[in-house]
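Each chain, written out:
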Amino acid sequence: MSRKPRLAVFKFASCDGCQLSLLDAEDELLAICDRVDIAHFAEASSDLQPGPYDVALIEGSITTAEDAARIRRVRLDSKFLITIGACATAGGIQALRNWANVDDWVDSIYPSPEFISTLSTSTPIAQHVHVDFALHGCPINYHQLVDVLVALAEGRQPRIPSHSVCLDCKHRGTVCHVVARGVPCLGPVTQSGCGALCPAYDRGCYGCFGPSVPANTSSLLNKFRMLGQSPDQLVPLLRNFNAAAPEFQRAADQLTILRSNDEGTPS
Amino acid sequence: MAQTSAVLFFSKPRLQSLLDELRTRGYCVVGPTIDQEAIIYDEILSVDELPRGWTDEQAPGQYRLRRRDDDAWFGYVVGPHSWKKYLFPPKTTLLSAEKTANGWEFIPRADDSTSFALLGVRACELAAIRIQDRVFLDGPYQDPLYRERRQRLFIVAVNCTQAASTCFCTSMKTGPRCEQGFDLALTEIDSGFLCDVGSDVGQDVIAVCSAVEATSEQQQSAASARQQAVDQIERRMDTSDLPGLLLGNLDHPRWKEVGDRCLSCTNCTMVCPTCFCSSVTEIRDLNMDRVDRERSWDSCFNPDFSYLGGSLVRNDTASRYRQWLTHKLDSWQNQFGTSGCVGCGRCITWCPVGIDLTEEVAAIRETSTP
């Protein structure tokens, strides 16, 4: 490419953690600036240049009518659109509202609820516009982000592994929590990306990087049920940062049906 | 090799002298120790780090550490780690290249200087090392790192005196008795260790233990301790129609059924002491001045591993499970002249959902289409 690709970063409903991981890439930041031209990144600079952009990084989910309109404008302005993180890719933790009454929540949380105007759902970017590439994680792994940016500049495919967290645990020599301790761990159905961090620190995987391919949630949940875990314990495990990722959503919804059956709710 | 036929005996504290001697000779001694609620393999400096008085209880998809009634030093079976991590490390840089004024300069991997002494290698694990020897050393293309580490390897085998419910080495004819491929082979009894010497180096090293010829009484106790392991093995795999059975039943409905249970999480292949698949990736630094060629353990259960010509060749779990099992038990024979399975049972224990290959083979045989 004769000229450096123009990069823009846009924030929607999110905590800013994923875009901050770009600033956290301190050792690589100067080299990144040699490869891409950062044209619009409010977190880093008030010099916000107008589009069109070659690459747009999208953080956050869609929770307001304004944002639903704004993402369409961003899409029109961007050649290649990448969602970064669990919010943009799967709706984020705020997608828990999808199972609740959002007005009740607003009333109970905000002292002046009349100033809040929000949609009843939190939805991933891909439900609104075409997404060219998705980076998973809560937050994303900045090494993966750097690889995606360099891959774009070089015109090659990014190297983002899609295998389960288990493979990383085995590389590190971490002993399986499900097998050795009977602890529910989402590692076998979660995509790699964190390097199997939590299992190395004595906890099961929380599924931050979302469902792996394939995510055989029904087989794994059967196992957890055999270990004595009730749907009441398993539903929150799945309804977390990636609650609205289709595989986790389906699995948790099925568990709630089981829960009602367990409680003997008349049909 | 001048092999002694006499079986030797030394008292338990003398094992520390053996460790010290191996370290003096420049070996990094690795052996069983307790970590993360399991008996794993790691560097051992003192016999106090051995899992004395502990054992493992295993079942499909389940492993628990348990206290023993006695103070046995090697009173466990096999755990989540295998010795392959020392000969075929999970991640290695094979080659690097750096940009210079005159073009790319290739930097070969530095010779590996680590000498490992493995302490506590079971018969099934000796068999696994023999199988990986064929994979990495036979034929025109040898793996240099494996070769360097293998040539310097010192093996202290330990005979099993008990078996787990997942063990089936007797079916695979790999154990439980350590018969070849070791420098020293120990059998633990209450009063100490009986020791078979398997190499000249072993003969040389054992001198520090002040070992004496074992009495017939000690030999009798060792024989009955080893027999206990044989008697405890309940799991069986009928190998009479292998190879052939699985490759002759590629369309068997059981593949779909096991595919529904399988998580495709790669655990079985990672814990398997013979699985050898890896991926090689070239990683460039951001300034494009340096490239590292990295090899890391990969798995046929990883969908991306079958990415060929723009698409996934094995795009569903059933086909990936079928690929693994037919290779392990069937086509491995044509490729390497041996089965790929040693009957250690790790893939059964460490499958989070407890898929048992002996059951899968039996189910396919039951309704096989000849």
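Conventions we followed
Throughout, a residue's number is its position along its own chain's written sequence, starting from 1. Going through the entries in the order they are written, you letter the chains from A and number the ligands from 1. Thresholds applied to this predicted model are a pLDDT of at least 70 for local features of residues and 80 or more for the giving and counting of side-chain atom pairs; totals over whole chains, interfaces and linings are not thresholded and use all residues. The side-chain figures draw on all heavy atoms in the structure; neither hydrogens nor water molecules are used. Each helix is a run of H or I in the DSSP string that is no shorter than four residues. Each strand is a run of E no shorter than two, and both are numbered from the N terminus. Throughout, the radius of gyration refers to the C-alpha atoms, and the reference size of a globule is 2.2 Å times the residue count to the power 0.38. The buried label applies to any residue whose accessible area, calculated with a 1.4 Å probe on protein chains only, is under 20% of its type's maximum; exposed applies above 50%, and partly exposed to all values in between. In this analysis, two residues are considered to be in contact whenever any of their non-hydrogen atoms come within 4.5 Å of each other. The Shrake-Rupley method, run with a 1.4 Å probe sphere, supplies the accessible areas, and residue values consider only the shown protein chains as cover. Think of it this way: Lys and Arg go in the positive column, Asp and Glu in the negative one, and His and the chain ends go nowhere. By convention, charge coordinates are those of NZ in Lys, CZ in Arg, CG in Asp, or CD in Glu. What makes two strands pair is DSSP finding at least two bridges between them. Axis lines are fitted through C-alpha atoms, for helices just across the contact stretch, and the angle between N-to-C directions can take any value from 0 to 180 degrees. Any angle that falls under 35 degrees is termed roughly parallel, while one over 145 is termed roughly antiparallel, one within 65 to 115 roughly perpendicular, and all others oblique. In a left-handed crossing the near helix is turned counterclockwise from the far helix by less than a right angle, and in a right-handed crossing that turn is clockwise. The nonpolar class holds Ala, Val, Leu, Ile, Met, Phe, Trp, Tyr, Cys and Pro. Asp, Glu, Lys and Arg form the charged class, and all remaining residues, Gly among them, are polar. Residues are said to line a cavity or pocket when one of their atoms sits within 4 Å of a point; the points come from a 1 Å grid over protein atoms alone, cavities being sets where a 1.4 Å probe fits but cannot get out and pockets being open sets with protein on both sides within 12 Å along at least five of seven lines. Grid points are joined across faces, edges and corners, and a volume is the space filled by probe spheres set on the points. A pair is scored as a salt bridge if a Lys or Arg side-chain nitrogen falls within 4 Å of a carboxyl oxygen belonging to Asp or Glu. Simply put, the buried area is the total loss of 1.4 Å probe accessible area from both parts when two parts are fitted together. What qualifies as a polar contact is a pair of N or O atoms within 3.5 Å, subject to a donor-acceptor requirement within protein and to the restriction that residues adjacent in sequence count only when both atoms come from side chains. Delimitation of the domains relies on an automatic or database domain assignment.

Chemist: Would you mind going over the overall build of chain B with me for this structure?
Modeler: Across its full length, chain B holds 12 helices and 16 strands. Here the C-alpha radius of gyration of chain B, 22 Å, is about what a compact globule of 370 residues would show, namely 21 Å. Judged by the C-alpha coordinates and their principal axes, chain B covers about 65 × 65 × 40 Å. By residue count, 56% of the 370 residues in chain B fall in the buried class. Contacts in chain B between residues at least 24 apart in sequence constitute 72% of all its contacts with a sequence separation of at least 6. Of the roughly 15,800 Å² of accessible surface on chain B, 47% is carried by carbon and sulfur atoms. The averaged location of the 51 negative side-chain charges in chain B is 2 Å from the averaged location of its 39 positive side-chain charges.

Chemist: Hey, could you run me through the overall build of chain A in this one?
Modeler: Counting secondary structure elements, chain A contains 12 helices and 5 strands. What you see for chain A is a C-alpha radius of gyration of 20 Å, in line with the 18 Å of a compact globule of 267 residues. Projected onto its principal axes, the C-alpha coordinates of chain A cover approximately 65 × 50 × 30 Å. Relative to its full complement of 267 residues, chain A shows a buried share of 52%.

Chemist: When you look at unusual backbone geometry in this model, what are you seeing that I'm missing?
Modeler: Working note: non-glycine residues mostly have negative phi, and peptide bonds are mostly trans. Residue Pro 52 of chain A is reached from Gly 51 of chain A by a cis peptide bond, and omega for that bond is 0°. Not every positive phi belongs to a glycine, and Asp 202 of chain A is a case in point at roughly 65°. Within the secondary structure layout, Asp 202 of chain A lies in the loop between helix H9 (197-200) and helix H10 (217-226). Positive phi, normally seen in glycine, also occurs at Ser 210 of chain B, with a value near 50°.

Chemist: Hey, could you run me through the sheet that holds strand E3 (residues 38-43) of chain B in this one?
Modeler: Strand pairs in the sheet, formed through backbone hydrogen bonds, run parallel or antiparallel to each other. Residue and element names in this part refer to chain B. Spatial strand order, E3-E2-E8-E9-E10-E11-E1-E12: 8 strands in an open sheet with mixed pairing. With one partner strand each, in any of the chains shown, E3 and strand E12 (212-213) form the two edges of the open sheet. Where strand E9 (residues 154-158) lies against strand E10 (residues 184-189), 3 bridges are found, and the strand directions are parallel. Of the residues in E10, the one forming a bridge with Val 158 is Leu 186. Each of E3, strand E8 (116-121) and E9 touches helix H3 (residues 123-137); the most contacted strand, E8, lies at about 140° to it.

Chemist: Just checking my understanding: could you explain the packing of helix H8 (residues 253-261) of chain B against helix H12 (residues 357-366) of chain B for this structure?
Modeler: Think of two packed helices as two axes; the pair is described by the angle between the axes and how far apart they sit. All names here are of chain B. In the contact formed by H8 and H12, the axes pass within 10 Å of each other and the chain directions differ by 155°. Considering their axes alone, H8 and H12 lie roughly antiparallel with respect to each other. H12 is crossed by H8, and the crossing has right-handed handedness. Residue-level contacts link Arg 254, Trp 255, Val 258 and Arg 261 of H8 to Glu 359, Glu 360, Ala 363 and Ile 364 of H12. For the contact of H8 with H12, the per-class residue count stands at 4 nonpolar, no polar and 4 charged.

Chemist: Is there a simple way to think about empty space enclosed by the protein in this case?
Modeler: Over the atoms a probe the size of a water molecule is rolled, and this reveals where empty space is left. All names here are of chain B. As enumerated under the stated definition, the model contains 7 cavities of 30 Å³ or more in all. Size it by volume and the largest cavity reaches roughly 150 Å³. Elements represented by at least two residues in the lining of the largest cavity include exactly helix H9 (267-271) and helix H10 (317-336).

Chemist: Help me out: how do you make sense of the pattern of salt bridges in this one?
Modeler: For side chains of opposite charge, pairing can occur when their charged atoms come near one another. As enumerated under the stated definition, the model contains 37 salt bridges over all chains in all. One salt bridge connects Arg 25 of chain B with Asp 204 of chain B, and the closest N-O pair in it is separated by 3.2 Å. Remark: Asp 204 of chain B occurs in helix H6 (residues 200-206) and Arg 25 of chain B occurs in the loop between helix H1 (14-24) and strand E2 (28-35); sequence separation between them is 179 residues. Given a relative accessible area of 36%, Arg 25 of chain B falls into the partly exposed group. Taken together, the shared-partner salt bridges connect Arg 35, Asp 147, Glu 154 and Arg 156 of chain A together with Arg 284 of chain B into one network.

Chemist: Where do I start with the layout of surface pockets in this structure?
Modeler: All names here are of chain B. Taken as a whole, the second largest pocket holds about 370 Å³ of empty space. Lining the second largest pocket we find 20 residues, and of these Ala 127, Arg 130, Met 172, Lys 173 and Thr 174 sit closest to its centre. The set of elements that each furnish at least two residues to the lining of the second largest pocket consists of H3 and helix H5 (169-172). Per-element tally for the lining of the second largest pocket: the top contributor is H3, with 6 residues.

Chemist: Is there a simple way to explain the interface of chain B and chain A in this structure?
Modeler: A common measure of how large an interface is: the accessible area buried when the components associate. Each side of the interface is counted separately: chain B has 43 residues, and chain A has 32 residues. The junction of chain B with chain A conceals about 2,900 Å² of combined surface from both sides, 57% of it contributed by carbon and sulfur atoms. Between chain B and chain A we count 2 salt bridges in total. A salt bridge links Glu 37 of chain B to Arg 181 of chain A; the nearest nitrogen and oxygen atoms lie 3.4 Å apart. The tally of links from chain B across to chain A stands at 19 residue pairs in polar contact (both at pLDDT 80 or more). Among the residues making up the side of chain B that touches chain A, the classes are represented as 18 nonpolar, 15 polar and 10 charged.

Chemist: Any chance you could explain the domain arrangement of chain A here in plain terms?
Modeler: All names here are of chain A. Along its sequence, chain A is carved into domain 1 (6-154) and domain 2 (165-262). Here the C-alpha centre of domain 2 lies 26 Å away from the C-alpha centre of domain 1. Across the domain 1/domain 2 interface, buried area totals approximately 1,200 Å², and carbon plus sulfur atoms make up 61% of it. Linking domain 1 to domain 2 there are 0 salt bridges. Our enumeration of links across domain 1 and domain 2 arrives at 3 residue pairs in polar contact (both at pLDDT 80 or more). Split into classes, the residues belonging to the side of domain 1 that touches domain 2 amount to 9 nonpolar, 6 polar and no charged.

Chemist: Where do I start with the pairing of strand E5 (residues 62-67) of chain B in this structure?
Modeler: Along any regular strand, the residues point their side chains to alternate faces of the sheet. The pairing of strand E4 (residues 54-59) of chain B with E5 of chain B spans 6 bridges and is classified as antiparallel. Bridge pairing in E5 of chain B links Gln 58 of chain B to Tyr 63 of chain B.

Chemist: Any chance you could explain the side chain of Asn 159 of chain B here in plain terms?
Modeler: All names here are of chain B. When you line up the elements, Asn 159 lands in the loop between E9 and H5. The exposure class of Asn 159 is buried, given its relative accessible area of 1%. A polar atom in the side chain of Asn 159 sits 3.0 Å from the side chain of Thr 187. Not counting chain neighbours up to four residues away, the residues in contact with Asn 159 comprise Arg 122, Pro 176, Arg 177, Cys 178, Leu 186, Thr 187 and Arg 226.

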